[in-house]
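What follows is each chain in one-letter form.
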Amino acid sequence: FIYPRELEDKLIYALLKTKSFQPAKPSKALSTLSEARGRELSVKVSTLTTKINSLLEKYREPADGVGESLKRVLRKPAVYEATSWSELVDGVEKRVKELEEALSEAQKKGESSIIRKYRQELLDLRETLEICSDVIAVLNETRVSKYLAQTTGFIPKSKLNKALKEVYSECGRKVLVLTEETDEAPTHIEYPWWLKPFMTITCLYGVPNYREISPVPLLALTFPLFFGLMFADTGHGIFLVLAGLFIYHKFKEQEGMRILGMMVIYFGIFAAIAGFFSGEFFGPAPPLGPAYKSFVKNILGVPETELLPLEIELEGENTTPIIMWILIFSIKIGILHMLLGFVISIISEAMRREYLELFTVTIPQTLVFTVGTLPFLLAIVEGASVKLPLLNYPGLNMTWVNTVLGLLVALAFAKPLACKLLRIEGEESFGFSMFEAFDFLLRIVSNTASYMRILALLMAHIGLMYVFYVLGNLVAQPLPLMLSGLAFAIVYALGNIVTIGLESIIVFAHVARLHFYEWFSKFYLGDGVMFAPVKASRMRVAVKIRG
């Protein structure tokens, strides 16, 4: 944007109103303009923010009820108006001095309601200063000459026309706009609203760049699926769904809380479905009828002579076959999950045209992993349960072992040999490549075994609820009949609350580990920079610069 200097405040306000502009350094083509820094504004904003923080620390808020807290969170934002950004900051400075005196008087008189009111205004003023920090970010990337100013930044293509309308509405047609596409832009990927929780989870690892396949759509299936398998309980799943709905609707004005609510709803749905197959409803479910068990076993392909795959019955039957079934089931899921990661890696490197890495590293690694897990893959295709030892399949003894070793040798020598033949500088040594191949073998073994945590967390969940069931019975037995039921209900209810709260956090951490370390490490770089537009509003306040 190139414009007359007198329009600087109005243009920055227009850009903040669009909520789709991220400032960046100006292009070299127009670098003859001298740089403008918002030094004076920056010092004032920093000083005032420090002052407000010290006042908030000094005058602590009296205890509030839940209702009052919700009212504050859900109230409409306050609007602060000024004719320029400097005037806005001066107004905040003046009001902070007035509030400091008023708070001192209120504390002397013991007026807790007045202290609460003024503290809320201080929080509003602090958010106003945060908006001014966005203004400073734009000023720091703005160049000025005697008459003109130049502001440069990123706007998504899909929002460009809307942003230009806002700029022309505020500044008229005195603004010259130059646009170009660039590969150096920050990452801005638009997903449907229901995928936003999984974009948030992905960004915990790293922001996707434009040169790789984003894992968000796949994560939307695998993340809640793994959570449900580790947290298999229909009752607890329904509880999570209700809790997620409560969070979503009560805090819908806050995007972060809204996303959290959606995430909890997804996890609860999958936990409830997995609980249907495990026979768990707030712990060990009442005795299930033969028709139900037969229906579930037919779906999962379990012999009628065995228990439900995810069920531990209270009669003390032998659970070893069930544990082995879950163990093999967990490993099968892990193999398919990692194989998907290798396939995505092949596609991503082909898209980036990194052919040397593709043909000498990624494809050989995929072949080693695929052949190495062939017994399990055959079992998945055949729908059979794999029994140890794994090499009982015809033709999978020494032939299978020799094939895996041969592929490892090819992996160890492929890249350095290709570098020598193609005369590529900085070629990789044979010793280092052999070490990398050996390290890869250790990693895929440990990565595959890591998926056994699905079994471990599931058994921990079932076992913990069984413990509270037994504990409730122990507490209830010595008591009279009228009190025994109440005592059991209290102990068992507390056990369910503890289990839901504790395991929700633990299971989430383990599912994140399976995705971040075992899966993302196969294909995902996550070295992008998130698009962070400047905004003229926050949760508590909105700013208006009037012409």
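Residues numbered from 1 in each chain as written. Predicted model: local features only at pLDDT ≥ 70, side-chain atom pairs only at ≥ 80, totals over all residues. Heavy atoms only, no water.

### Observations regarding the overall build of the protein
Phase 1 of the analysis: Secondary structure summary: the protein contains 18 helices and eight strands in total.
Phase 2 of the analysis: Of all 547 residues assigned to the protein, the portion counted as buried reaches 45%.
Phase 3 of the analysis: Sequence-distant contacts, at least 24 apart, represent 78% of the contacts inside the protein between residues at least 6 apart.
Phase 4 of the analysis: If you sum the accessible surface of the protein, you get close to 28600 Å²; carbon and sulfur atoms cover 63% of it. (Helix = DSSP H or I, 4+ residues; strand = E, 2+ residues; numbered from the N terminus. Buried < 20%, exposed > 50% of the residue type's maximum accessible area, 1.4 Å probe, protein only. Contact = heavy atoms within 4.5 Å. Areas by Shrake-Rupley, 256 points an atom, 1.4 Å probe, with all protein chains shown as cover.)

### Here's the deal with the packing of helix α8 (residues 216-230) against helix α10 (residues 255-278)
Phase 1 of the analysis: Two numbers describe how α8 lies on α10: the axes approach to 7 Å, and their chain directions differ by 50 degrees. Relative to α10, α8 is oriented oblique. Considering how the two elements wind past one another, α8 and α10 form a crossing that is right-handed. Between α8 and α10, the contacting residues are Leu221, Phe223, Pro224, Leu225, Phe227, Gly228 and Leu229 on the first element and Tyr266, Phe267, Phe270, Ala271 and Ala274 on the second.
Phase 2 of the analysis: Among the residues forming the contact of α8 with α10, the class breakdown is 11 nonpolar, one polar and no charged. (Axes fitted to C-alpha atoms, helices over the stretch in contact; angles between N-to-C directions. Parallel < 35°, antiparallel > 145°, perpendicular 65-115°, else oblique. Left-handed = near helix turned anticlockwise from the far one by under 90°. Nonpolar A, V, L, I, M, F, W, Y, C, P; charged D, E, K, R; others polar.)

### Comments concerning a positive patch on the surface
Phase 1 of the analysis: Among the surface-exposed residues, Lys19, Lys159, Lys162, Lys196 and Lys535 lie close enough to one another that they form a single positively charged patch.
Phase 2 of the analysis: Checked against the element boundaries, lysine 535 lands in the loop between α18 (481-523) and β8 (541-545). (Patch = residues over 30% accessible without salt bridge, like charges linked within 9 Å, V, L, I, M, F, W, Y side chains within 5 Å. Salt bridge = Lys/Arg side-chain N within 4 Å of Asp/Glu carboxyl O. Lys, Arg positive; Asp, Glu negative; His and termini not counted. Charge placed at Lys NZ, Arg CZ, Asp CG, Glu CD.)

### Thoughts on the confidence of the model for the protein
Phase 1 of the analysis: Counting all residues, the mean pLDDT for the protein is 79, and 81% of those residues have values of 70 or more.
Phase 2 of the analysis: Below pLDDT 50 for its whole length, residues 305-310 participates in 28 contacts with residues either more than four positions away or in separate chains.
Phase 3 of the analysis: Contacts from residues 312-316, a stretch scored under 50 in pLDDT, to residues over four places away or in other chains number eight contacts. (pLDDT = per-residue confidence, 0-100.)

### Observations concerning helix α1 (residues 8-18)
Phase 1 of the analysis: Among the 11 residues of α1, eight are classified as buried, and the element is accordingly described as predominantly covered.
Phase 2 of the analysis: Of all the residues in α1, the buried ones are Glu8, Leu11, Ile12, Tyr13, Ala14, Leu15, Leu16 and Thr18.
Phase 3 of the analysis: One or two residues past the end of α1 sits lysine 19, with phi positive at roughly 55 degrees.

### Re the packing of helix α7 (residues 196-205) against α8
When two helices pack together, their arrangement is given by the angle between the helix axes and the distance between those axes.
Phase 1 of the analysis: Their axes nearest at 9 Å, the elements α7 and α8 cross at an angle of 95 degrees. Accordingly, the angle class assigned to the pair α7 and α8 is roughly perpendicular. Each of Phe198, Met199, Ile201 and Thr202 in α7 lies in contact with α8, whose residues at this interface are Val216, Leu219, Ala220, Phe223 and Pro224.
Phase 2 of the analysis: Here the contact of α7 with α8 is composed, by residue class, of eight nonpolar, one polar and no charged.

### Looking at the nonpolar core
Phase 1 of the analysis: In this structure, Phe198, Ile201 and Phe223 are the most contacted members of the largest nonpolar core, which totals 62 residues.
Phase 2 of the analysis: In terms of residues, this core owes the most to one element, helix α12 (residues 320-352), which gives 10 residues.
Phase 3 of the analysis: When near neighbours in sequence (up to four residues on either side) are disregarded, phenylalanine 198 contacts Val216, Leu219, Ala220, Phe223, Pro224 and Tyr266.
Phase 4 of the analysis: Of all hydrophobic cores here, the second largest spans 50 residues; its members include Ala106, Leu123, Ile131 and Val135. (Core = buried A, V, L, I, M, F, W, Y, C linked by side-chain atoms within 4.5 Å.)

### Points about unusual backbone geometry
Phase 1 of the analysis: A positive phi angle, near 55 degrees, is found at lysine 19, a position not held by glycine.
Phase 2 of the analysis: Residue position: lysine 19 is located in the loop between α1 and β2 (22-23).
Phase 3 of the analysis: Of the residues examined, lysine 19 reaches a relative accessible area of 42% and is grouped as partly exposed.
Phase 4 of the analysis: Backbone geometry places arginine 353, a non-glycine residue, at a positive phi of 60 degrees.

### A word on the packing of aromatic side chains
Phase 1 of the analysis: Scanning all chains against the criterion turns up 19 aromatic pairs.
Phase 2 of the analysis: Between tryptophan 519 and phenylalanine 523, the aromatic rings sit 5.0 Å apart at their centres with planes inclined by 70 degrees, giving edge-to-face as the arrangement. A residue pair is termed a helical-turn pair when its members lie 3 or 4 positions apart in one helix, as tryptophan 519 and phenylalanine 523 do in helix α18 at four residues. Here tryptophan 519 matches phenylalanine 523 in class, with each residue buried.
Phase 3 of the analysis: Cluster of aromatic residues (ring-pair linked, three or more members): Tyr205, Phe516, Trp519, Phe520, Phe523 and Tyr524.
Phase 4 of the analysis: Over the aromatic face of tyrosine 168 sits the side chain of arginine 173, whose NZ or CZ is 4.0 Å from the ring centroid. (Phe/Tyr/Trp six-rings, centres within 6.5 Å; stacked < 30°, edge-to-face > 60°. Lys NZ or Arg CZ within 6 Å of the ring centre and 35° of its normal.)

### Quick look at the side chain of histidine 515
Phase 1 of the analysis: For histidine 515, the position within the fold is in helix α18.
Phase 2 of the analysis: Within the structure, the side chain of histidine 515 is placed 2.9 Å from the backbone oxygen of valine 511, a separation counted as a polar contact.
Phase 3 of the analysis: What histidine 515 contacts, discounting residues up to four positions off in sequence, is Leu219, Thr222, Phe223, Phe226, His337 and Phe520. (Polar contact = N/O pair within 3.5 Å; in protein donor to acceptor, adjacent residues only side chain to side chain.)

### Digging into the pattern of salt bridges
Phase 1 of the analysis: For the structure shown, the criterion picks out 13 salt bridges.
Phase 2 of the analysis: Residue lysine 157 is joined to glutamate 181 by a salt bridge in which the shortest nitrogen-to-oxygen separation is 3.0 Å. A residue pair is termed long-range when its members are at least 10 positions apart, and lysine 157 in the loop between β7 (153-154) and α6 (160-171) and glutamate 181 in the loop between α6 and α7 qualify at 24 residues.
Phase 3 of the analysis: Judged by its relative accessible area of 66%, lysine 157 falls in the exposed class.
Phase 4 of the analysis: The residue arginine 211 makes a salt bridge to aspartate 527 at a minimum N-O spacing of 3.9 Å. One end of the pair, arginine 211, is in the loop between α7 and α8; the other, aspartate 527, is in the loop between α18 and β8, with 316 residues separating them in the sequence.

### Side note on a nonpolar patch on the surface
Phase 1 of the analysis: The grouping of Tyr466, Val470, Leu471, Leu474, Val475, Leu479, Met482, Leu483, Leu486, Ile490, Leu494 and Ile497 at the surface amounts to a nonpolar patch, some 1100 Å² of accessible area in total.
Phase 2 of the analysis: Every element with two or more residues in the nonpolar patch is listed here: α17 (453-476) and α18.
Phase 3 of the analysis: Of the residues forming the nonpolar patch, the biggest block, six residues, is contributed by α18.
Phase 4 of the analysis: Tracing the backbone shows leucine 474 in helix α17.

### Considering the environment of phenylalanine 329
Phase 1 of the analysis: Relative to the assigned elements, phenylalanine 329 resides in helix α12.
Phase 2 of the analysis: Residue phenylalanine 329 is classed as partly exposed on the basis of its relative accessible area, which comes to 28%.
Phase 3 of the analysis: Between the alpha carbons of phenylalanine 329 and methionine 452 there is a distance of 8.9 Å; along the sequence they are 123 residues apart.

### Comments concerning helix α13 (residues 355-372)
Along an α-helix, residues three or four positions apart point the same way, because every turn accommodates 3.6 residues.
Phase 1 of the analysis: With 18 residues, α13 should cover 26 Å at 1.5 Å per step; its first-to-last C-alpha distance of 24 Å lies within 8% of that length.
Phase 2 of the analysis: For α13, the principal kink sits at threonine 362 and spans about 30 degrees; a proline, proline 364, occurs within the next four residues.
Phase 3 of the analysis: Regarding α13, the residues found buried are Leu358, Thr360, Val361, Thr362, Pro364, Gln365, Thr366, Val368, Phe369 and Val371. (Expected span 1.5 Å × (residues − 1). Bend = angle between axes of the 7 residues up to and from the residue.)

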